[in-house]
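Coordinate inspection notes
So the chains spell out like this:
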Amino acid sequence: MKPKNKKNKILIIHGPNLHLLGVREPHIYGKFTLCDLNKELKEKVKKNNLAVKIIQSNSEGEIVEEITNTNYEFLIINPAAYTHTSVAIRDALLGIKRPAIEVHLSNIYKREEFRKKSLISDVVLGVITGLGKHSYLLAIEAAICFLNSTPRR
Ligand code: DQA
């Protein structure tokens, strides 16, 4: 049981190559850096009186470990390229009892065929794709609505 006065915590995971934001295909992913994005995400979470942990990892195993640590109430994950390949991340999400949202900066349905398949989408609450940084900001809003309407564990 979480003490009554403890803030709900959101875990935000950025998958592989998202450390390259700003440099990597800016016409697709935008000109902002990961640091700029995280600053905005932290501000939004703070305004809403929630706690947040944000990580970026290029390693599938590390992402699985972060997901399954379950030291959080809500997960927002951009699995990046692992979206299309990772049975391990899918199984981790199936193994935890935590609500999660999959986000993408680009619209994965508007791009190459191989990006249209997500191994993650059917094991999370929902997907926000194609809205740039707003995909994450809207996911935080959804997390707030969800956490406010769900009794505390
Ligand atoms: C991405 C889309 C993926 O297909 C790609 O591999 C990424 C980023 C996005 O945020 O648009 O690395 O998840």
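Before any of the text, the structure's been laid out above.
Read on for an overview of the structure.

So, the packing of aromatic side chains
Counted by the stated rule, this structure contains 1 aromatic pair. With a centroid separation of 5.6 Å and an interplanar angle of 65 degrees, the aromatic rings of Phe74 and Phe146 are classed as edge-to-face. With Phe74 in strand β3 (residues 74-78) and Phe146 in helix α5 (residues 133-149), this residue pair connects regions lying 72 residues apart in the sequence.

Notes on unusual backbone geometry
Not every positive phi belongs to a glycine, and Thr70 is a case in point at roughly 45 degrees. As for its position among the elements, Thr70 is in the loop between α3 (60-69) and β3. Phi angles above zero are rare outside glycine, and Ala80 is one such case at about 50 degrees. Checked against the element boundaries, Ala80 lands in the loop between β3 and α4 (87-95). Judged by its relative accessible area of 12%, Ala80 falls in the buried class.

Description of the site of the ligand
If you check the shell around the ligand, you find Arg24, Tyr29, Asn78, Ala80, Ala81, His84, His104, Leu105, Ser106, Ile108, Arg111 and Arg115 and nothing else. Here an oxygen atom of the ligand sits 3.2 Å away from a polar atom, N or O, in the main chain of Ala81. A distance of 2.7 Å is found between an oxygen atom of the ligand and a side-chain nitrogen or oxygen belonging to His84. Taking 320 Å² as the accessible area of the ligand by itself, protein coverage stands at 99%. Its residues assigned to classes, the shell around the ligand shows 5 nonpolar, 4 polar and 3 charged.

So, the environment of Leu137
Following the sequence through the fold, Leu137 ends up in helix α5. A relative accessible area of 13% places Leu137 in the buried class. For Leu137 and Val23, which are 114 residues apart along the polypeptide, the C-alpha to C-alpha distance reads 21 Å. Residue contacts for Leu137: discarding those within four places in its chain leaves Glu40, Leu41 and Lys44.

About the criteria used
Residues numbered from 1 in each chain as written. Predicted model: local features only at pLDDT ≥ 70, side-chain atom pairs only at ≥ 80, totals over all residues. Heavy atoms only, no water. Phe/Tyr/Trp six-rings, centres within 6.5 Å; stacked < 30°, edge-to-face > 60°. Helix = DSSP H or I, 4+ residues; strand = E, 2+ residues; numbered from the N terminus. Buried < 20%, exposed > 50% of the residue type's maximum accessible area, 1.4 Å probe, protein only. Near = heavy atom within 4 Å. Polar contact = N/O pair within 3.5 Å; in protein donor to acceptor, adjacent residues only side chain to side chain. Areas by Shrake-Rupley, 256 points an atom, 1.4 Å probe, with all protein chains shown as cover. Nonpolar A, V, L, I, M, F, W, Y, C, P; charged D, E, K, R; others polar. Contact = heavy atoms within 4.5 Å.

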